[in-house]
Amino acid sequence: MTRLVYILAASHSGSTLLAMLLGSHPEVASVGELKWTSLGDISTYRCSCGELITECSFWGHVRAEMAKRGFPFDVANPRTDLRAIASGLQNRLLSPLHRGPLMESVRDAALYLSPGWRPRLEEFQARNRALAETVLSLTGKHVIVDSSKIGVRLKYLMATPGLDVRVIRLIRDGRAVALTYTDPAAFADATNPSLKGGGSGASRDHQRVSMMQAAREWRRSNEEAEAILRQLDRSRRTEVRYEDLCNDTEATLRALLQFIGVDPSTPRPNFRQTKHHVVGNGMRLDDTPEIRLDSRWKDALGRTELQTFASIAGPLNRRLGYA
């Protein structure tokens, strides 16, 4: 069994930071999001090692190894996201977030009645398992972290033969996350302007949303996480807060490393000193070794925005411990 640690969270909750921190352990590998979506212009997208991802030698080795396993692998279209393989009808059925056993049974019934679903699901599962095994083979490590975050993806990974999936639910104050949705370039990307937008300095204005949309997205992502985790044995899941990860990094990491089954006392280099090949949030391209709590929302959000967030997601945010 290949042990895969899945980070389940709303986007921009700190999953890339957590994946890189875990990946600095000698037994843990992470390349960030194994689903590989939203990379933008692949010709300008940079691996976290600094190279263009199309020229990165590590991903060249991945391509060669995947081919040996019978899976052509192209960084422009790796086919590790289920929706990249599914048909148009199946994509529509896969679009809704996880809503609990009843609605999932309806989704499953509709998908299994749709032509070609079973072989597509089998390809998705086999391809993701092959990619996990390839990364572990190339890095010489034993546990892989997938920071893809999406609950529906997790559902099908947990049913993949040969994968032992453990889940880390990552939670962050919804007001901070909502702020990143309203302006991802300013609040959820590389510090260096020339490295924003995947490493090319491209604009992300088209990704900006209103506070109303941001609050709804954060709320639904966390509702999805709760729905899917209710069905998962406690021995296979744990929970961590972004704020604890930043404020007490060492203690938080030790607990997580113990949960995923590696020795937490093994010496680890600073995560910026480890050569990563991570796909995901632009902070992977920063070079500062400092881990600092990002609480800019306290100054950046005005009264009207806070009221909008509170009206949509306030009760859930308070239930999660954020006053």
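Just so we're clear, the structure is a prediction, and the values are computed from it rather than from any experiment.

K.L.:
Quick question: what am I supposed to make of the overall build of the protein here?
P.N.:
Of the regular secondary structure elements, the protein holds 15 helices and five strands. Radius of gyration (C-alpha) of the protein: 19 Å, near the 20 Å computed for a compact globule of 323 residues. A principal-axis box enclosing the C-alpha atoms of the protein has dimensions of 55 × 45 × 40 Å. Counting the 323 residues in the protein, one finds 53% classified as buried. Intrachain contacts of the protein at a sequence separation of at least 6 include 80% that bridge at least 24 residues. Counting every atom, the protein has about 14300 Å² of accessible surface; 49% of that belongs to carbon and sulfur. Computed over 45 positive and 36 negative side-chain charges, the inter-centroid distance for the protein is 4 Å.

K.L.:
Just to check I follow, could you spell out the nonpolar core for this structure?
P.N.:
Side chains of nonpolar character tend, in soluble globular proteins, to be buried together. Of all hydrophobic cores here, the largest spans 46 residues; its most connected members are Leu 4, Trp 59 and Tyr 156. Among the secondary structure elements, those contributing two or more residues to this core are β1 (2-8), α2 (57-68), α3 (82-85), α6 (117-139), α7 (151-158), β4 (163-171) and α11 (211-229). Ranked by residue count, the leading element in this core is α6, at eight residues. Beyond its immediate chain neighbours, meaning those up to four positions away, Tyr 156 contacts Leu 82, Leu 94, Arg 107, Asp 108, Leu 111, Trp 117, Leu 121, Phe 124 and Gln 125.

K.L.:
Is there a simple way to explain the environment of Leu 94 in this structure?
P.N.:
Mapped onto the secondary structure, Leu 94 falls in helix α4 (residues 88-94). Between the C-alpha atom of Leu 94 and that of Ser 221, which follows or precedes it by 127 residues, the distance is 15 Å. Apart from the residues lying within four places of it in its own chain, the contact partners of Leu 94 are Leu 82, Arg 83, Ala 86, Arg 107, Leu 111, Trp 117, Val 152 and Tyr 156.

K.L.:
For this particular structure, what's the right way to read the pairing of β1?
P.N.:
Moving residue by residue along a regular strand, the side chains alternate between the two faces of the sheet. Taking burial as the measure, the seven residues of β1 include six buried ones, the bulk of the element. Looking at chain direction, β1 and β4 are connected through seven bridges and run parallel. Directly across from Thr 2, in β4, lies its bridge partner Leu 163. With five bridges connecting them, β1 and strand β3 (residues 143-149) associate as parallel partners. When the sheet's bridge partners are listed, Arg 3 is paired in β3 with Val 143.

K.L.:
How should I be thinking about the packing of aromatic side chains in this particular structure?
P.N.:
Each aromatic ring pair is described using two quantities: the centre-to-centre distance and the angle formed by the ring planes. Counted according to the given criterion, the structure contains seven aromatic pairs. For the pair Trp 36 and Trp 59, a centre-to-centre distance of 4.7 Å together with 85° between the ring planes defines the contact as edge-to-face. With Trp 36 in the loop between β2 (28-30) and α2 and Trp 59 in helix α2, the pair connects residues that are 23 residues apart, well separated along the chain. Here Trp 36 and Trp 59 have matching classes, each one buried. Geometrically, the ring pair formed by Phe 58 and Trp 59 is edge-to-face, given 5.2 Å between the ring centres and 85° between the ring planes.

K.L.:
Just to check I follow, could you spell out the environment of Val 5 for this structure?
P.N.:
Its place among the elements puts Val 5 in strand β1. Judged by relative accessible area, which is 0%, Val 5 ranks as buried. Residues Val 5 and Leu 22, spaced 17 residues apart in sequence, show a C-alpha to C-alpha distance of 9.9 Å. The contacts of Val 5, once residues within four sequence positions are left out, are Val 143, Ile 144, Val 145, Asp 146, Arg 166, Ile 168 and Ile 260.

Thresholds applied
- Residues numbered from 1 in each chain as written.
- Predicted model: local features only at pLDDT ≥ 70, side-chain atom pairs only at ≥ 80, totals over all residues.
- Heavy atoms only, no water.
- Helix = DSSP H or I, 4+ residues; strand = E, 2+ residues; numbered from the N terminus.
- Rg over C-alpha atoms; globule rule 2.2 N^0.38 Å.
- Buried < 20%, exposed > 50% of the residue type's maximum accessible area, 1.4 Å probe, protein only.
- Contact = heavy atoms within 4.5 Å.
- Areas by Shrake-Rupley, 256 points an atom, 1.4 Å probe, with all protein chains shown as cover.
- Lys, Arg positive; Asp, Glu negative; His and termini not counted.
- Charge placed at Lys NZ, Arg CZ, Asp CG, Glu CD.
- Core = buried A, V, L, I, M, F, W, Y, C linked by side-chain atoms within 4.5 Å.
- Pairing = 2+ DSSP bridges.
- Phe/Tyr/Trp six-rings, centres within 6.5 Å; stacked < 30°, edge-to-face > 60°.

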